[in-house]
Amino acid sequence: MAESTTTTTRPLKIIAGADSFGCTLKDTLVSHLRSLNIEVEDLGTSSYYTIAAEVGRQVSSSTTTPATTETRGLVACGTGVGVAIFANKFPGVYAATCLTPEEALNARSINNSNVLAVSGMSTSPSTAIDILNTWLNTPFNIESFLDDSIKEMPTIGSGSSQSDESAKCAICCLVKNRELNPIDIIPGGSMKILRETPTSAIVRFKAGSVEPAHHHTFGHDLVVMEGKKSVWNLSKKERYDLGVGDFLFTPAGDVHRVKYYEDTEFFIRWDGKWDMFFDEDLETAKAAVEKELGNGAV
């Protein structure tokens, strides 16, 4: 097992978290980091998407403000892939799944990775420590090949240095120039199915539309691409106000009601095949939303 001496010129802080499949490996790596006198904030264990998003959010926040401490992330799940995907949803985060020390070396030296994702099912503790040591010790060292990469990489996807055409994300390109079909059971809605099972779709609703309380057989994730909406999870008695870029997971069977304040478009993915079961009619839903918002005030 290699010893580690971190190469960063600033004190290093690691934000760590895992799901139930990666928690044991995460705990091993957290102990190793602390043995190296590296500051660790351990967020514990949650669903892979929730814990990875929180690690990504904190690392992203650290990249936008000057700090005396360099903040990186460590995430673990069964494969290391899911946590990397959700950590990477935040600007300035470069999460990489590494199964070998060689992959960790490339992730740092070539991609400037600041979040390490590891596999709790495929990686032994000793190999994981070697991966972590390599990731800690390897600097980003190909500036001569990518002269402006440090400045350019954080702008990818932000639209600040790209034309409108090139800034379109892959999801947007899937639905571009394709007609969305009206959702007959909910006025103001339209949808384009991108894949059948598990179902994924682009959905649009006109400003002022309301989805009556309903539930699905399968849980679903959504990301708002345009507009503004509120979701009331009636099963959990919680309200979520969502805007562009916001993500929400609704578990299978949870009854929820939705109000759209602006023309809104979002990407949604169910864990299985799409279905919809109403728990109230439209007029009841509108009355409930009006009461909740205080006669229409957002």
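Not measured: the values here are computed from a predicted model.

J.: Quick one: what's the story with the pairing of strand β5 (residues 115-119), residue by residue and with numbers?
T.: Among the 5 residues in β5, 5 count as buried, and that is most of the element. Residues of β5 alternate between two faces, with Val115, Ala117 and Ser119 on one and Leu116 and Val118 on the opposite face, all of them buried. With 5 bridges joining them, strand β3 (residues 70-77) and β5 adopt parallel strand pairing. By the bridge assignment for β5, leucine 74 is matched with leucine 116. In this sheet, β5 lies alongside strand β4 (residues 95-97) in parallel orientation, the contact comprising 3 bridges.

J.: Account for the confidence of the model for the chain, with residues named and values stated.
T.: Of the residues in the chain, 81% reach a pLDDT of 70 or more, and the chain-wide mean stands at 85. For residues 143-147, every residue scores under 50 in pLDDT, and the model assigns this stretch 1 contact once sequence neighbours within four places are set aside. Here residues 160-168 is modelled with pLDDT under 50, and outside its nearest four sequence neighbours on either side it reaches 9 contacts, counting other chains as well.

J.: Hey, could you go over the environment of isoleucine 202 for me, with residue numbers and the actual values?
T.: The residue isoleucine 202 is located in strand β8 (residues 200-205) in this model. Isoleucine 202 gets classed as buried once you look at its relative accessible area, which sits at 0%. Spatially, the C-alpha atom of isoleucine 202 lies 8.1 Å from that of leucine 180, the residues being 22 residues apart in sequence.

J.: Please give an account of the pairing of strand β7 (residues 189-195) that cites residues and values.
T.: By the bridge criterion, 2 bridges tie strand β6 (residues 181-182) to β7 in an arrangement that is antiparallel. Considered in β7, the bridge of proline 182 is made with serine 190. Summarising the sheet, β7 and β8 pair through 6 bridges and their orientation is antiparallel. Looking at the pairing, methionine 191 lines up with valine 203 of β8. Hairpin connection from β7 to β8: 4 residues lie between these consecutive antiparallel strands.

J.: Which residues make up the environment of isoleucine 268, and what values do they have?
T.: Residue position: isoleucine 268 is located in strand β15 (residues 264-270). Isoleucine 268 sits in the buried class, given a relative accessible area of 6%. Residues isoleucine 268 and threonine 199, 69 residues apart in the sequence, show an inter-C-alpha distance of 8.3 Å. Discounting residues that sit within four places of it in the chain, isoleucine 268 has contacts with Thr199, Ser200, Ala201, Val203, His220, Asp221 and Leu222.

J.: Describe the packing of helix α4 (residues 101-109) against helix α5 (residues 125-137), and please don't skip the residues or the numbers.
T.: For the pair α4 and α5, interaxial distance at closest approach is 8 Å and the crossing angle is 20°. Of the possible angle classes, the one that applies to α4 and α5 is roughly parallel. With respect to the hand of their crossing, α4 and α5 are arranged in right-handed fashion. Between α4 and α5, the residues in contact are Pro101, Ala104, Leu105 and Arg108 and Asp130, Ile131, Thr134 and Trp135, respectively.

J.: Outline the sheet that holds strand β12 (residues 238-242), listing residues and values.
T.: Sheet architecture is open: 5 strands sit in the order β12-β11-β14-β9-β16, paired in antiparallel fashion. Each end of this open sheet is capped by a strand with a single partner; those strands are β12 and β16 (277-278). Alignment of strand β9 (residues 210-215) against strand β14 (residues 256-260), held across 3 bridges, turns out to be antiparallel. Among the inter-strand pairings, histidine 214 is bridged to a residue of β14, identified as histidine 256.

J.: With reference to specific residues and values, describe unusual backbone geometry.
T.: A positive phi angle, near 65°, is found at asparagine 37, a position not held by glycine. Along the chain, asparagine 37 turns up in the loop between α1 (23-35) and β2 (39-45). A residue is classified by how much of its surface remains accessible, and asparagine 37, at 74% relative accessible area, is exposed. With a phi angle near 55°, lysine 237 is a residue other than glycine that sits in the positive phi range. Within the fold, lysine 237 resides in the loop between β11 (229-233) and β12.

Thresholds, definitions, all that
Residues numbered from 1 in each chain as written. Predicted model: local features only at pLDDT ≥ 70, side-chain atom pairs only at ≥ 80, totals over all residues. Heavy atoms only, no water. Buried < 20%, exposed > 50% of the residue type's maximum accessible area, 1.4 Å probe, protein only. Helix = DSSP H or I, 4+ residues; strand = E, 2+ residues; numbered from the N terminus. Pairing = 2+ DSSP bridges. pLDDT = per-residue confidence, 0-100. Contact = heavy atoms within 4.5 Å. Axes fitted to C-alpha atoms, helices over the stretch in contact; angles between N-to-C directions. Parallel < 35°, antiparallel > 145°, perpendicular 65-115°, else oblique. Left-handed = near helix turned anticlockwise from the far one by under 90°.

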